[in-house]
2 protein chains.
Amino acid sequence: MAPEIELITTGAELLNGSTVNRHAQWLGHALEQRGWRLLRDTTVPDDTAAIADALRGALSRCDVVLVSGGLGPTSDDVTRDVVAAWAGAKIVMHEPTRLQVVEIYRTRNKPLNSMVERHALVVEGARVLVNHHGLAPGEHIQKNDKHAILLPGPPREFQGILHDHIFPWLDGMNMGCHSRRQWFQTAGLGESDIAALLNAGGLAELKVDMAYCAKPSQVSLRVQEIAGHPHDYDRALSLIRGKLADAIYSDGDQSIEQAVFDLLKLRGKTMAAAESCTGGMLGQRITALPGSSAIFNGGVVAYHNDIKQNVLGVGADLLAEKGAVSAEVACAMAAGVMKLCRADYGVAITGVAGPGGGSPEKPVGLVYIAVADAQQTNWQECRLGGGRETVREASVLLALDLLRRRV
Amino acid sequence: MAPEIELITTGAELLNGSTVNRHAQWLGHALEQRGWRLLRDTTVPDDTAAIADALRGALSRCDVVLVSGGLGPTSDDVTRDVVAAWAGAKIVMHEPTRLQVVEIYRTRNKPLNSMVERHALVVEGARVLVNHHGLAPGEHIQKNDKHAILLPGPPREFQGILHDHIFPWLDGMNMGCHSRRQWFQTAGLGESDIAALLNAGGLAELKVDMAYCAKPSQVSLRVQEIAGHPHDYDRALSLIRGKLADAIYSDGDQSIEQAVFDLLKLRGKTMAAAESCTGGMLGQRITALPGSSAIFNGGVVAYHNDIKQNVLGVGADLLAEKGAVSAEVACAMAAGVMKLCRADYGVAITGVAGPGGGSPEKPVGLVYIAVADAQQTNWQECRLGGGRETVREASVLLALDLLRRRV
């Protein structure tokens, strides 16, 4: 059996715009850590023919297929029937589950209705996977060397049953591929800059599996060993570390805000943020991390110039002479917010996010970022593309990266 | 041609746990509004055989297939090759795109490298879909009555090209179903509160297709006409408007920040924000809207108490007596930021987002929001659940909704 798994997610809500399908990301991460690989995710509506077709395709490509959703009691819950038809088995009432469902209703003081017991219907011969987070159990159905595993759709139940029953089974097979893999997160370089740098260093000649994922001003690299070529893998890692050097902010899958948080915490330092065009995004990102009050004092959203002047103490003459989008004003904002919030570092962002507000001298996408501490202030000019939200996201990333390099 | 579309999303990052695939949800929503239906989403890695297999399957089921990702310059960008093989066409350099890419590099002062021009490679004979948000263009390739449409993976580029080129084409075919439908966005009521209110008004007896989608402190309703029952549809709309009244902040698919923006702009008023636990999220959300400087002056991220005191002027005695998470401090923050930023309205949020920091008196999820103007200050106590990020998002929503009701 190859250490490969496919997922089929079922549900009209995943295709009509109401719900984001997060199962593939969660499962992919969990499998990756166990040496298994998620080969494909197929999302289909609650439709017998579509689920049957997806199941047939998935089982033709790999031996273990997970199917989520469609185990409830209503008319659109048809997954169980599809798998029973594949297995050539009947649907039967699973008495221990039925008793459990009745007991749950009793302890919650909820009236039983005729639909409730349908949660306890299973494919005959299935290994029934107890659900500690909901009503319908999971089911593991084997036919010859093929395994179909049915899981409820709600994330807590889906994840709970995988943790309780399926991951131990996968781990027990001890068949995961043991090829090594390594992530790198970089800031400030484009995807083609990185590819050009690495290819100039000879990466293209090495037998390793490379994956790139580009976001605004940020590229993730994943390097995976190819069986039989361990030295190429080692050489690829040292080539990447050597060529990308300080552009790498994490050699795991950390976010830039987590990298900054960890560094500041390690050094016992605090920061504050003065934001113009990003309007609070930097603060929002940092404070998404639990415990961020240890390193983040607060900040000022200086969207209008009079706030830059009156709250942050940027000189009126400086604003008039250089304009709000300038290196000088960015530096004055960084120093101002550092003092105002009594932080060790002040970070500032000022720029033209667009779509309006640009001029020939100061076009849309021109952003100045600055980092101040008690000794000195550094700044950087960025010329960003891709629309308002992309400019804002890249500005936050680059400002946090400037702080990281400084700390 | 049936009004049905399949999506193929490509990228190792979608299956190894690093990225959530949001394309299906976004596209499903957009297609739904045009009377088209997203039939299936297949997520595969950047692998020639897997993409080719998924494309073959999708084209056997429907006439229009969108493929996202794999149009970049690196070795794992193979989508173009797969589609060229299907179409029996060569890959060629698209000169207008190449010139555009070179120009973008020039204006950003970035050095050109050998990889960059690869963004301009296209399938010969394709309709090239100009990308206003990035480098690689989209491509529309027709073979007999089948359409393969290639789109870049980054959401901004994916969405931009669909908006600019593909939705107009779909709309032009005028094949969508013509039943009427209407969205409503509500804040502050739960899904079951709404269902109970509407059923008490007789909604259950009307022949209309209802869909509810609940997010933190927010419910979207979708009402769709059932063929042959136009009067029931009309009655359902007026029932919903009557019963939900002021809880409806949009009868389209507007966001709460857009609703607030429109109202403030209409009245010629401005706002400022004082945020504690949300760390800048309210400012970030408002300033995501182009032109927000007309209504948003700025704000203060008062994460630490000394910023509440020294910058916003919240009394030290008030902070000591009532605590930072209190109605009184929320009101003082709102009034303070209104004065500091010289705005017509001040909005404040202070609460315990968790996971730490809770106590029996002030548990995780307790949040106070306040809105001040020159005359008076209103506040509201919220008890929210669902984890740090959910608490923060619901707080921003409810604070903006409190402001909306006031304006």
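Just above sits the structure.
Residues numbered from 1 in each chain as written. Chains lettered and ligands numbered in written order. Predicted model: local features only at pLDDT ≥ 70, side-chain atom pairs only at ≥ 80, totals over all residues. Heavy atoms only, no water.

Draft legend 1. Spotlight on unusual backbone geometry. With omega at 0°, the peptide bond leading from Gly354(A) into Pro355(A) counts as cis. Tracing the sequence through the fold places Pro355(A) in the loop between strand S15 (345-351) and strand S16 (366-372). One non-glycine residue, Ala245(B), adopts positive backbone phi at about 40°. Examined against the element boundaries, Ala245(B) turns out to sit in the loop between helix H7 (230-244) and strand S12 (248-250). According to the relative accessible area criterion, Ala245(B) is partly exposed, its value standing at 44%. With phi around 50°, Arg342(B) is a residue other than glycine that occupies positive phi space. (Helix = DSSP H or I, 4+ residues; strand = E, 2+ residues; numbered from the N terminus. Buried < 20%, exposed > 50% of the residue type's maximum accessible area, 1.4 Å probe, protein only.)

Draft legend 2. How the structure looks around the environment of Leu289(B). Within the fold, Leu289(B) resides in the loop between helix H9 (281-287) and strand S14 (296-301). Residue Leu289(B) is classed as buried on the basis of its relative accessible area, which comes to 11%. Leu289(B) sits 152 residues away from Pro137(B) along the chain, and the two C-alpha atoms are 26 Å apart. If we ignore the near neighbours within four places in the chain, the residues touching Leu289(B) are Arg388(A), Glu257(B), Gln258(B) and Phe261(B). (Contact = heavy atoms within 4.5 Å.)

Draft legend 3. Molecular detail of the sheet that holds strand S13 (residues 271-275) of chain B. The strand order S17(A)-S16(A)-S15(A)-S13(A)-S14(A)-S14(B)-S13(B)-S15(B)-S16(B)-S17(B) describes an open sheet built from 10 strands, whose pairing is mixed. The two strands at the open ends of the sheet, each matched to only one other strand, are strand S17 (377-383) of chain A together with strand S17 (377-383) of chain B. Taking each pair of neighbouring strands and ignoring which way they run, the sheet shows an average axis angle of 15°. Judged from the 7 bridges that link them, S16(A) and S17(A) form a sheet pairing that is antiparallel. Residue pairing in the sheet places Val367(A) in a bridge with Cys382(A) of S17(A). Packed onto the sheet, helix H12 (residues 327-340) of chain B meets S13, S14, strand S15 (345-351), strand S16 (366-372) and S17 of chain B and runs at close to 145° relative to S15(B). (Pairing = 2+ DSSP bridges. Axes fitted to C-alpha atoms, helices over the stretch in contact; angles between N-to-C directions.)

Draft legend 4. Seen up close, the side chain of Asn16(B). Inspection of the secondary structure assignment puts Asn16(B) in the loop between strand S1 (4-10) and helix H1 (23-33). Residue Asn16(B) is classed as buried on the basis of its relative accessible area, which comes to 7%. In terms of polar contacts, Asn16(B) uses its side chain to reach the side chain of Ser18(B), at 3.0 Å. Setting aside residues no more than four positions away along its own chain, Asn16(B) makes contact with Gly28(A), His29(A), Glu32(A), Trp183(A) and Arg222(A). (Polar contact = N/O pair within 3.5 Å; in protein donor to acceptor, adjacent residues only side chain to side chain.)

Draft legend 5. Seen up close, the interface of chain B and chain A. Across the contact, 74 residues belong to chain B and 76 residues belong to chain A. Where chain B abuts chain A, roughly 5,900 Å² becomes buried across the two surfaces, and 52% of that area is made up of carbon and sulfur atoms. In terms of surface lost to chain A, no three residues of chain B exceed Leu15(B), Asn16(B) and Arg40(B), which account for 9% of the buried area on that side. Here chain B is connected to chain A by 4 salt bridges. The tally of links from chain B across to chain A stands at 32 residue pairs in polar contact (both at pLDDT 80 or more). Put simply, the parts of the chain that give the side of chain B that touches chain A at least two residues each are H1, strand S2 (37-44), helix H2 (48-61), helix H4 (95-107), H9, S14, helix H10 (305-310) and helix H13 (388-406) of chain B. (Buried area = accessible area lost by both parts, 1.4 Å probe. Salt bridge = Lys/Arg side-chain N within 4 Å of Asp/Glu carboxyl O.)

Draft legend 6. Representation of the pairing of strand S7 (residues 138-143) of chain B within the structure. All names here are of chain B. In the sheet, strand S6 (residues 127-129) pairs with S7 via 3 bridges, with the strands oriented antiparallel. Paired with Val128 across the strands is Glu139, a residue of S7. Here S7 pairs with strand S8 (residues 146-151) via 5 bridges, running antiparallel. In the sheet register, His140 faces S8, and the bridge partner there is Ile149.

Draft legend 7. Region of interest: the sheet that holds strand S8 (residues 146-151) of chain A. Pairing is mixed across the open sheet formed by 12 strands, whose spatial order is S6(A)-S7(A)-S8(A)-S3(A)-S1(A)-S2(A)-S2(B)-S1(B)-S3(B)-S8(B)-S7(B)-S6(B). Since the sheet does not close on itself, it has two edges, and those belong to strand S6 (127-129) of chain A together with S6 of chain B, each with one partner. For this sheet, the mean angle separating the axes of adjacent strands, direction not counted, is 15°. Packed on one face of the sheet, helix H2 (residues 48-61) of chain A meets strand S1 (4-10), strand S2 (37-44), strand S3 (64-68) and S8 of chain A together with S2 of chain B and runs near 175° to S1(A).

Draft legend 8. How the structure looks around the packing of aromatic side chains. Summed over the entire model, instances satisfying the criterion amount to 8 aromatic pairs over all chains. Arranged with centres 5.6 Å apart and planes meeting at 65°, the rings of Tyr303(A) and Phe296(B) form a pair that is edge-to-face. With one member in each of two chains, Tyr303(A) in the loop between strand S14 (296-301) and helix H10 (305-310) and Phe296(B) in strand S14 form a pair that bridges those chains. Judged on exposure class, the residue Tyr303(A) and its partner Phe296(B) are both buried. (Phe/Tyr/Trp six-rings, centres within 6.5 Å; stacked < 30°, edge-to-face > 60°.)

Draft legend 9. Seen up close, the pattern of salt bridges. According to the stated counting rule, one finds 51 salt bridges over all chains in the structure shown. In this structure, Arg241(A) and Asp251(A) form a salt bridge, with 3.6 Å as the shortest nitrogen-oxygen distance. Of this pair, Arg241(A) sits in helix H7 (residues 230-244) while Asp251(A) is found in the loop between strand S12 (248-250) and helix H8 (256-267), placing the two residues 10 residues apart along the sequence. Shared partners join several salt bridges into a network, and the residues in it are Glu6(A), Arg40(A), Arg61(A), Asp53(B) and Arg56(B).

Note that every value here comes from positions in space, so none of it alone points to a role or purpose.
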